[in-house]
Amino acid sequence: MSGWKECLRSLRLIPVGIVGSGSLWALKGGGQSGGLTAALCDEGSDVDRRAALEVLKRYQESLKDDSVVKESSAESSSSVASELQKIEDSLSNAKAAVEKYYRYQARHILNDYYESMNRKGLSAPAPEKPAAKPNTTEGAPADEPNVVPKKELPQYLTADAAFGNFSEASSPVCVPYVIIGGGTTAWSAVQAIHEKDKSASVLIISDESYPPYNRTPLSKERWSSDDDNLSFVDFMGRKRSLLYSYSKQVGEHQRSSILLNSRVKKLDLENSSIETEDGKVVEYQSLLIATGGKAHPVESVHQDLGNDALQNRVMSFRTIDDFIALDKLVRDPKTKNVCIVGGGFLGAELACSLKRIAKLNDVQVTLMFPEPGPLFKLIPRYLSEFLTYKLASAGVKVMPSSIVTGARESPENSDSIELDVVSFTKKSLQTDAVVVAVGIQPQDKLAEDAGLEVDQINGGVVVNAELQAANGVFAAGDVASFWDSALGRRRVEHWDHALVSGRIAGDNMAGGKSMYGFQSMYWCDLSAIDVHFEAVGLQSSKLETVGVWNLKEPSRFENRPGSFSRNKYESGIVWYMKDQRVVGALLLNMPREALQEARQIIESKTSVPDDESLKELIPLPKSKNFLLVGRSDSY
Ligand SMILES: Cc1cc2nc3c(=O)[nH]c(=O)nc-3n(C[C@H](O)[C@H](O)[C@H](O)COP(=O)(O)OP(=O)(O)OC[C@H]3O[C@@H](n4cnc5c(N)ncnc54)[C@H](O)[C@@H]3O)c2cc1C
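The structure displayed is predicted, hence computed values, not measured ones. (Residues numbered from 1 in each chain as written. Predicted model: local features only at pLDDT ≥ 70, side-chain atom pairs only at ≥ 80, totals over all residues. Heavy atoms only, no water.)

(A) Examining the overall build of the protein chain more closely. What the protein chain contains, in helices and strands, is 13 helices and 33 strands. When each of the 635 residues of the protein chain is scored for burial, the buried share is 55%. A fraction of 66% describes how many contacts in the protein chain between residues 6 or more apart in sequence connect residues 24 or more apart. For the protein chain, the computed accessible surface area is about 27900 Å², with 48% contributed by carbon and sulfur atoms. (Helix = DSSP H or I, 4+ residues; strand = E, 2+ residues; numbered from the N terminus. Buried < 20%, exposed > 50% of the residue type's maximum accessible area, 1.4 Å probe, protein only. Contact = heavy atoms within 4.5 Å. Areas by Shrake-Rupley, 256 points an atom, 1.4 Å probe, with all protein chains shown as cover.)

(B) Structural view of helix α7 (residues 320-331). With 12 residues, α7 should reach 16 Å at 1.5 Å per residue; the first-to-last C-alpha distance of 16 Å fits that figure. Along α7, the positions that sit buried rather than exposed are Ile-320, Asp-322, Phe-323, Leu-326, Asp-327, Leu-329 and Val-330. (Expected span 1.5 Å × (residues − 1).)

(C) Structural view of the site of the ligand. Close to the ligand lie 32 residues; Thr-185, Asp-207, Glu-208, Arg-215 and Lys-220 are nearest. Elements supplying a minimum of two residues to the shell around the ligand: α6 (184-196), α11 (495-509) and β28 (521-526). When the residues that make up the shell around the ligand are grouped by side-chain class, the tally is 10 nonpolar, 14 polar and eight charged. (Near = heavy atom within 4 Å. Nonpolar A, V, L, I, M, F, W, Y, C, P; charged D, E, K, R; others polar.)

(D) Quick peek at the pattern of salt bridges. Within the structure shown, the criterion is met by 22 salt bridges. When the shortest N-O distance is used, the salt bridge between Glu-208 and Arg-215 registers 2.8 Å. Its relative accessible area of 25% is what places Arg-215 among the partly exposed residues. When the shortest N-O distance is used, the salt bridge between Lys-280 and Asp-278 registers 2.8 Å. On the basis of relative accessibility, which here comes to 14%, the residue Lys-280 falls in the buried class. Members of the salt-bridge network, linked through shared partners, are Asp-234, Arg-238 and Arg-240. (Salt bridge = Lys/Arg side-chain N within 4 Å of Asp/Glu carboxyl O.)

(E) Main features of the pairing of β28. Counting buried positions along β28 yields six of six residues, so the element is predominantly enclosed. Burial along β28 is two-sided: the residues Met-521, Trp-523 and Asp-525 and Tyr-522, Cys-524 and Leu-526 are all buried. Here six bridges tie β28 to strand β29 (residues 531-537), and the two strands are oriented antiparallel to one another. Bridging across to β29, Asp-525 finds its partner in His-532. Hairpin remark: β28 followed by β29, antiparallel, with four residues in the connecting loop; positive phi at Asp-530, about 55°. (Pairing = 2+ DSSP bridges.)

(F) Here's a closer look at the sheet that holds strand β19 (residues 417-422). The strand order β18-β19-β20 describes an open sheet built from three strands, whose pairing is antiparallel. Two strands lie at the open edges of the sheet, namely β18 (403-409) and β20 (428-431), each paired on one side alone. Across the sheet, the mean angle separating the axes of adjacent strands is 25° when strand polarity is ignored. In terms of strand pairing, β19 meets β20 through four bridges, oriented antiparallel. Bridge pairing in β20 places Glu-418 opposite Gln-430. (Axes fitted to C-alpha atoms, helices over the stretch in contact; angles between N-to-C directions.)

(G) Representation of the sheet that holds strand β23 (residues 461-462). The mixed open sheet is built from three strands, whose spatial order is β23-β26-β27. Every interior strand has two partners, whereas the edge strands, β23 and β27 (488-490), have only one. As judged from the three bridges shared by strand β26 (residues 480-484) and β27, these two strands associate in the antiparallel manner. Each bridged residue has a counterpart across the sheet, and for Trp-483 the counterpart in β27 is Arg-489.

(H) Representation of helix α9 (residues 381-393) in the model. Here α9 contains 13 residues, and its C-alpha end-to-end distance of 18 Å stays within 8% of the 18 Å for a straight helix at 1.5 Å per residue. Residues of α9 that are buried: Tyr-382, Leu-383, Ser-384, Phe-386, Leu-387 and Leu-391.

(I) Structural detail: the environment of Asp-304. Note that Asp-304 resides in the loop between β13 (293-295) and β14 (314-316). In this structure, Asp-304 is in contact with Leu-310, Gly-406 and Ala-407, ignoring residues within four places of it in sequence. A distance of 3.1 Å separates a polar side-chain atom of Asp-304 from the backbone nitrogen of Ala-407. (Polar contact = N/O pair within 3.5 Å; in protein donor to acceptor, adjacent residues only side chain to side chain.)

(J) Region of interest: the side chain of Thr-276. Along the chain, the position of Thr-276 falls in strand β11 (residues 273-276). Given a relative accessible area of 0%, Thr-276 falls into the buried group.

(K) Geometry of the nonpolar core. By size, the foremost hydrophobic cluster in this structure holds 134 residues, and its most contacted members are Ile-179, Ile-274, Leu-383, Phe-533 and Trp-575. A per-element tally of this core places helix α8 (residues 345-361) first, with seven residues. Among residues more than four places away in sequence, those in contact with Trp-575 are Glu-544, Thr-545, Val-546, Val-548, Val-582, Gly-584, Ala-585, Ala-598, Ile-601, Leu-614, Leu-617 and Ile-618. Within the second largest apolar cluster, 16 residues are counted, among which are Val-298, Val-341, Met-399 and Val-434. (Core = buried A, V, L, I, M, F, W, Y, C linked by side-chain atoms within 4.5 Å.)

(L) Layout of the packing of α6 against α11. Running from amino to carboxyl end, α6 crosses α11 at an angle of 35°, the nearest separation of the two axes being 7 Å. At the point where α6 passes α11, the crossing takes the right-handed sense. Between α6, through Thr-184, Thr-185, Trp-187, Ser-188, Ala-189, Gln-191, Ala-192, Ile-193, Glu-195 and Lys-196, and α11, the contact on the second element is made entirely by Trp-495, Ala-498, Leu-499, Gly-502, Arg-503, Gly-506, Asp-507 and Met-509. Its residues assigned to classes, the contact of α6 with α11 shows eight nonpolar, six polar and four charged. (Left-handed = near helix turned anticlockwise from the far one by under 90°.)

(M) Unusual backbone geometry, seen in detail. We note that Ser-272 has phi near 50°; this positive angle belongs to a residue other than glycine. Mapped onto the elements of the fold, Ser-272 is located in the loop between β10 (264-268) and β11. Given the relative accessible area of 26%, Ser-272 is considered partly exposed. Positive phi, normally seen in glycine, also occurs at Asp-530, with a value near 55°. Here Asp-530 shows up in the loop between β28 and β29.

(N) Representation of the pairing of β20 within the structure. Across the two faces of β20 the burial differs, with Leu-429 and Thr-431 buried and Ser-428 and Gln-430 not buried at all. Where β19 folds back onto β20 in an antiparallel hairpin, the turn is made up of five residues.

(O) Just the environment of Gly-537, in detail. If you trace the backbone, Gly-537 turns up in strand β29. Judged by its relative accessible area of 3%, Gly-537 is buried. Residues Gly-537 and Ile-602, spaced 65 residues apart in sequence, show a C-alpha to C-alpha distance of 6.9 Å.

(P) Inspection of the packing of aromatic side chains at higher detail. The tally for this structure, following the rule as stated, stands at 12 aromatic pairs. Their ring planes at 55° and their centres at 6.0 Å tell us that Phe-163 and Phe-166 sit as a pair that is tilted. Its relative accessible area of 3% is what places Phe-166 among the buried residues. Where Tyr-382 meets Trp-549, the ring centres are 6.4 Å apart and the plane angle is 90°; that geometry is what we call edge-to-face. Here the residue Tyr-382 occupies a position in helix α9, and Trp-549 occupies one in strand β30 (residues 544-551), the gap between them amounting to 167 residues. Residue Tyr-382 is classed as buried on the basis of its relative accessible area of 3%. By way of ring pairs, the aromatic residues Tyr-382, Phe-386, Trp-549 and Tyr-569 are connected into one cluster. (Phe/Tyr/Trp six-rings, centres within 6.5 Å; stacked < 30°, edge-to-face > 60°.)

Here's what the structure looks like:
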């Protein structure tokens, strides 16, 4: 018997009527809820919500009316046996239909969520502003309060308060829902769990000293705030907390409990338990691995940077504590130079943000990286050159094609660092602080040690479409390697992805069966140079790109190789192409609707015959309209 047959048997197949050319079936779930969980319809037709609801309705009606249908299990009914044969013939349709239904459920969860945010005015319409922030969820979390409490953590109960004297428990504590990691993914999952399971007991275990918070302002808005607490001013001018709070749907009694400053060292799949470094054992029914990523250590650039003598002036950057340390360093009157190593989004954002503080203290900001230009691995060469020009105009000292080959305390000044550098222009660099921003390492070792599959190419815990890594074990956010039906297996480090995959995982932990089929976006704010990107899908400078641009003035350099970067880009889109298909889009100063359109274009997997068609895909906003279309390889 096929796997599907078995599956159908285990789900208890219930014929509920005849529609069109085939049979209608309702599936009775074998899971915890034991209720009707999904519906299929006749062969050859698509399942959508209406069809599914129709099936449910008919099923309910049929329960009242014995003449329409008699409920029977697959094992006991002979009529079901013959119907099974029919089902086998249409297995592929049925499977697609179930998938579509689960995807629908996932979309429904998200739509409800986004709508509730819209009602609260938390999304960012601001159509007039070219740099509308992510059209989805940026800034969504903090409902209240805006002022950050310093010591108490009102949104969370401590683990001790929730589970008795947890710290001294001699036998394992058993908690239905356990989440390892306390970032955006964890926070989002907790909300979804509580929305589905009102009386859920959830325990978050985090090795940080803060409850879940939003990291994204740490390289941007947080630097424009002079407050000494953990707040920032968002793009709509509202004062917000970095720390997430619950939405109002989640009542006081549903608060989660949290164990801070506690690192999980072992995951035991056989016994469904985890163990912390200080010996606490917690048994779970459902587990979420939301361990995210850790900044590559400073030694990954050069081992000398890890020397004890330099430790107060050399740092990586990912956490609130890192922000506090760097802020203190930059404001120290002795600091006259800061060198950021790494030319990705984080490095470029920090360079722009530090310029603001730097102006106050007359601090020189250097951005150094081995590639020929900033964001070089992600964007076409001409755009990277354009950024170099803009950053340099804003006063950032840009050092492309440069690597650190040694570091020591400066012989002249023990508060300063001497870097050995290989570059076109310099052999050494004196600086008072070094920030290493060279990417993250997904925190998947715990899972790998437990025997879970880890993605050998992208890193991260391999999960299925429901974000499940093993029975009862889920992974989401930066640490998950998931299947993207449009683009293949991926692992992404986006806030939007953390938020949405966290919700889906949380919903599924509480008995849902939603599939993750979401094209997450990310954004990058280089406010000092008026550059705001949003992106969806794949971005890699190894891919062919077609740029469609509004220019601020007519191009003087059209079709002249190497000169494209001196154009002044007003707004536009870089399309990333593979096999004549759009696989990614990077939007510069475009209206917010454009991102959603780009997302749909990627998801639809339609092929685009030529560059001219790309020009029409999403029309650029009206401007003086010096339009330029070009392939990355033509300039
Ligand atoms: C400065 C900065 C700016 C960013 N800006 C943007 C942006 O503009 N746009 C965008 O899309 N994305 C941005 N990101 C990325 C975004 O913040 C991440 O994608 C998101 O935080 C991922 O959330 P997560 O919960 O999956 O992982 P994380 O935020 O990494 O959280 C994981 C948590 O788990 C903890 N943990 C790990 N292992 C263990 C363990 N064994 N036991 C207990 N706890 C553990 C970690 O300490 C951490 O607290 C930015 C990131 C940073 C650092």
